[in-house]
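Inside the fold
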Amino acid sequence: MTMNRRTFAALAPVALLAACATAAPPLLDASGKPAPQVYRISGETAAVIPFRMLDSVNALRAAKRLPPLVFNAQLNAAAATHSRDMSVQNRPWHFGSDGSSPLDRVRRVGYQGKLLGELISETYQTELETLAAWSGQADTRAVIMDPLAREIGFAWFQETNGKIWWTLVVGG
C-alpha cells in the first residue's frame, strides 16, 4: 500500500503538468488556412504505399461490386516516368516534357491493354488523402470506378522540399 501511495505522489505532479500542457496552434498559410504538413516518404513507408493505394482502390470498387484491379509493371513504369517528369516541368498536367500523352507513355513501356485513364496530383498529402480527392470528383472517380478496368499503375516522385507528384494509370 505504501508503494502505491509513493508512486501516486511521485506521478501526480507529472499528470497535473501534462493536463495543463496545450497543443501548439497549427501553422497557417497566407490565406489563414492550415498550412499543408509535409508527408515525408521513408524507404519503409515507400514499400507499403503502393499496396495501401491498391487496397483502397479495390475497397472502393468492391463497394460498387466492381472487379478488383491488379498492378501491372508496365503501367507502374509509365506512372513513375510521368511523376518524375511533372516534377521536372513543375506543373501537374497530362503531357510530358517531350509532348507525350498518357497513351504515348503506356505504349512506350509496351503495354498491350487499353488505357482507360490517368490521374495526377501535385500535393504534400498522403496517397490516401490524394485518393480521397480523386474520389471526390466525378471525372477522376469515373476513371477509378471504370467497369472495364482490370489493371493499375501507380507511382510518385517526392522532391526534397516534400512536394509529391502522384500518378495513377488505369488500364483494361
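In what follows, the accompanying structure is described.

The rules behind these values
Residues numbered from 1 in each chain as written. Predicted model: local features only at pLDDT ≥ 70, side-chain atom pairs only at ≥ 80, totals over all residues. Heavy atoms only, no water. Helix = DSSP H or I, 4+ residues; strand = E, 2+ residues; numbered from the N terminus. Expected span 1.5 Å × (residues − 1). Bend = angle between axes of the 7 residues up to and from the residue. Buried < 20%, exposed > 50% of the residue type's maximum accessible area, 1.4 Å probe, protein only. Contact = heavy atoms within 4.5 Å. Salt bridge = Lys/Arg side-chain N within 4 Å of Asp/Glu carboxyl O. Polar contact = N/O pair within 3.5 Å; in protein donor to acceptor, adjacent residues only side chain to side chain. Pairing = 2+ DSSP bridges. Axes fitted to C-alpha atoms, helices over the stretch in contact; angles between N-to-C directions. Core = buried A, V, L, I, M, F, W, Y, C linked by side-chain atoms within 4.5 Å.

1. Here's the deal with helix α2 (residues 43-63)
- The end-to-end C-alpha distance of α2 is 31 Å, a good match for the 30 Å that 21 residues give at a rise of 1.5 Å each.
- Largest kink in α2: about 30°, centred on isoleucine 49, with the proline proline 50 one to four residues after it.
- Listed as buried for α2 are Ile49, Pro50, Met53, Leu54, Val57, Asn58 and Arg61.
- Considering only its buried residues, α2 is in contact with β1 (70-71), α5 (127-135), α6 (138-144), β3 (151-158) and β4 (164-171).

2. Some thoughts on the pattern of salt bridges
- Within this structure, the stated rule accounts for four salt bridges.
- When the shortest N-O distance is used, the salt bridge between arginine 52 and glutamate 127 registers 2.6 Å. One end of the pair, arginine 52, is in helix α2; the other, glutamate 127, is in helix α5, and 75 residues separate them in sequence.
- Note on arginine 52: relative accessible area 33%, which makes it partly exposed.
- Residue glutamate 127 is classed as buried on the basis of its relative accessible area of 1%.
- A salt bridge links arginine 105 to glutamate 118, with the nearest nitrogen and oxygen atoms 2.9 Å apart.

3. Some words on the side chain of histidine 82
- As for its placement among the helices and strands, histidine 82 is situated in helix α3 (residues 73-89).
- One polar contact links the side chain of histidine 82 to the main-chain carbonyl oxygen of tryptophan 93, over a distance of 2.8 Å.
- Not counting chain neighbours up to four residues away, the residues in contact with histidine 82 comprise Trp93, His94, Phe95, Gly96, Arg105, Glu118, Ile120 and Thr167.

4. Let's talk about unusual backbone geometry
- Despite not being glycine, arginine 65 shows a phi value in the positive range, around 60°.
- Its location among the elements puts arginine 65 in the loop between α2 and β1.

5. A short note on the side chain of glutamate 159
- Looking at the secondary structure, you find glutamate 159 in the loop between β3 and β4.
- A polar contact is formed between the side chain of glutamate 159 and the side chain of serine 87, at a distance of 2.8 Å.
- When neighbours within four sequence positions are excluded, glutamate 159 is seen to be in contact with Arg40, Ser87 and Trp165.

6. Digging into the sheet that holds β4
- An order of β1-β3-β4-β2 is seen for the four strands of this open sheet, with the pairing classed as mixed. Every other strand in the sheet has two partners, leaving β1 and β2 (115-123) as the edge strands with one partner each.
- In this structure, β2 lies alongside β4, joined through eight bridges in antiparallel fashion. For leucine 119, the partnering residue across the bridge sits in β4 and is leucine 168.
- Packing of α2 onto the sheet brings it into contact with β1, β3 and β4, and relative to β3 it is tilted by some 140°.

7. Re the nonpolar core
- By size, the foremost hydrophobic cluster in this structure holds 22 residues, and its most contacted members are Met53, Val57, Trp134, Ile144, Trp166 and Leu168.
- Elements with a contribution of two residues or more to this core: α2, β2, α5, α6, β3 and β4.
- Once residues lying within four places of it in the same chain are set aside, the contact partners of tryptophan 134 are Met53, Leu119, Ile120, Ser121, Thr140, Arg141, Ile144, Trp166 and Leu168.
- Core analysis: the second largest hydrophobic core is formed by seven residues, Leu75, Ala79, Tyr111 and Val169 among them.

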